[in-house]
Amino acid sequence: MRLFLTGLVSILALAACTAESTAPPQPPSVTSDLKVTLAHVIDAEFPWGLAFLPNGDLLFTEKEGGLKYTAGGEGVASSVAGMPPAITDGQAGYFGIALDPGFETNRLVYVAYAQGTKTDNGTAVIRARLSDDHSALEDVTQIFRADSRGTTAHFGGRLQFANDGTLFISLGEGFAYKEEAQNLRITHGKIIRINTDGSIPSDNPFADGTNGKPEIWSYGHRNIQGLYYDKESGTLYETEHGPKGGDEFNIAKAGANYGWPKITYGINYDGTVITDKTAMEGMEQPLTYWVPSIAPSGLTRLTSDVYPGWKGDFFTGGMNGPAGMELVRIHLEDGKVTERENLFEGEYPIRDVVQGPDGHLYIATKDTDGIFRVDVAAE
């Protein structure tokens, strides 16, 4: 597929950045020959996480509305009873959803949500059986609860299963607790890895508890709202919000430190400097980053042939921020980002993106616009 270079993404350096920065080269912004459109498939209010059943039915969460089900992945959604109550103030609510690797036989689903009160809350994860008629959750069990915070911001809340059956959970740092992202004795600003019963895998990087909490996989994160596990390579990828600028796309490695707030390509919302460093020894650099921000949310990798030339590319939603309201296609070659393409610019703020069993991409918009299928445009 022929690509036309439409311009280079500028590397916007902060005035306070030092010469020690080892920023990854920013890739060119491209426009492809392939044209795509959005087809509305489901009405939804503040949808958050999407999970397709093997037969093409869809489960999705709404920030305030709990868990919903739609037969065939389009049409009218019905409520699924049995979800525990969530706080929905601020950024709190119902978050990510994942199907158990053995769903076809055990019908188990996992949902993250904000548990507690406005002044004492944290991201929790439940495991439950989806009833045969899809109307309710049965045998609901809480398998994880993050350490408490006193804010209703930056919860993380994405879920992904690894090939070995362990579950990854992304956790934000609560905004007001950003320094705790570096503290290995608290779960703020971390990726967590647990077994499906809530126990700790023996090969976690801090499993013995000597140098950190046993459930921690990686740390130094701000607010991860995109999480994708690549089954072919066994690699965990994430996208996370920076402050004003500095959104990141990373490979999340065991025991690795992603730097927040010691290093960042962003600044405070009021324009003041958080740190004069964009790199430090022992801290990971992103595969790519965004200045200005797009507030990336949702992350998937295309494995189908539905969109010619895009197989293997990553897709993340741009939720808001000065450069948000778009779907971003990210192309990797030899582990490096070589292209970024902004699709549907200015149309909708996008909260989640997944690939359905039919090979199409589906997006959940952040507000009340609903859920859409990405179609190849007719010539």
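Preceding this paragraph is the structure being described.
Attention here is on the structure that accompanies the text. (Residues numbered from 1 in each chain as written. Predicted model: local features only at pLDDT ≥ 70, side-chain atom pairs only at ≥ 80, totals over all residues. Heavy atoms only, no water.)

### As for the pairing of strand β10 (residues 120-130)
Counting buried positions along β10 yields eight of 11 residues, so the element is predominantly enclosed. Two elements, strand β9 (residues 108-117) and β10, share 10 bridges in a ladder whose sense is antiparallel. Each residue of the ladder has a partner; that of Tyr113, found in β10, is Ala124. Summarising the sheet, β10 and strand β11 (residues 137-145) pair through six bridges and their orientation is antiparallel. Bridge pairing in β11 places Arg127 opposite Thr141. (Buried < 20%, exposed > 50% of the residue type's maximum accessible area, 1.4 Å probe, protein only. Helix = DSSP H or I, 4+ residues; strand = E, 2+ residues; numbered from the N terminus. Pairing = 2+ DSSP bridges.)

### With respect to the sheet that holds strand β17 (residues 235-240)
If you walk across this open sheet you meet the four strands as β16-β17-β18-β19, and the pairing is antiparallel. Both outer strands of the open sheet, β16 (224-230) and β19 (288-290), are each paired with one neighbouring strand and no more. Put simply, the sheet's adjacent strands are angled 15° from each other on average, direction ignored. Bridge count between β16 and β17: six bridges; the pairing is antiparallel. (Axes fitted to C-alpha atoms, helices over the stretch in contact; angles between N-to-C directions.)

### Section: the pattern of salt bridges
Side chains that differ in sign of charge can pair as their charged atoms come close. For the structure on display, the rule yields 19 salt bridges. In this structure, the salt-bridge partner of Arg107 is Asp132, at a minimum N-O distance of 3.7 Å. One end of the pair, Arg107, is in the loop between α1 (103-106) and β9; the other, Asp132, is in the loop between β10 and β11, with 25 residues separating them in the sequence. Of the residues examined, Asp132 reaches a relative accessible area of 56% and is grouped as exposed. The partner of Asp352 in a salt bridge is Arg158, with the nearest N and O atoms 3.5 Å apart. Of this pair, Asp352 sits in strand β24 (residues 350-355) while Arg158 is found in the loop between β11 and β12 (159-161), placing the two residues 194 residues apart along the sequence. The pair Asp352 / Arg158 is uniform in exposure class, with both members buried. A network of salt bridges, in which partner residues are shared, links Arg107, Arg129, Asp132 and Glu138. (Salt bridge = Lys/Arg side-chain N within 4 Å of Asp/Glu carboxyl O.)

### Observations regarding the pairing of strand β20 (residues 296-301)
Across a regular strand the side chains alternate sides, sitting on one face of the sheet and then on the other. Counting buried positions along β20 yields six of six residues, so the element is predominantly enclosed. Strand direction decides the pairing type here: β20 and strand β21 (residues 314-318), joined by five bridges, are antiparallel. Within the sheet, the bridge partner assigned to Leu299 lies in β21 and is Thr316.

### What to know about the environment of Arg145
Tracing the chain through its elements places Arg145 in strand β11. Measuring from C-alpha to C-alpha, the distance between Arg145 and Val125 comes to 6.5 Å, with 20 residues separating the pair along the chain. Residues contacting Arg145, with those up to four places away along its chain left out, are Gln115, Gly116, Asp120, Asn121, Gly122, Thr123 and Ala124. In terms of polar contacts, Arg145 uses its side chain to reach the side chain of Gln115, at 2.8 Å. Reaching out from Arg145, the side chain makes a polar contact with the side chain of Ser148 at a distance of 3.2 Å. (Contact = heavy atoms within 4.5 Å. Polar contact = N/O pair within 3.5 Å; in protein donor to acceptor, adjacent residues only side chain to side chain.)

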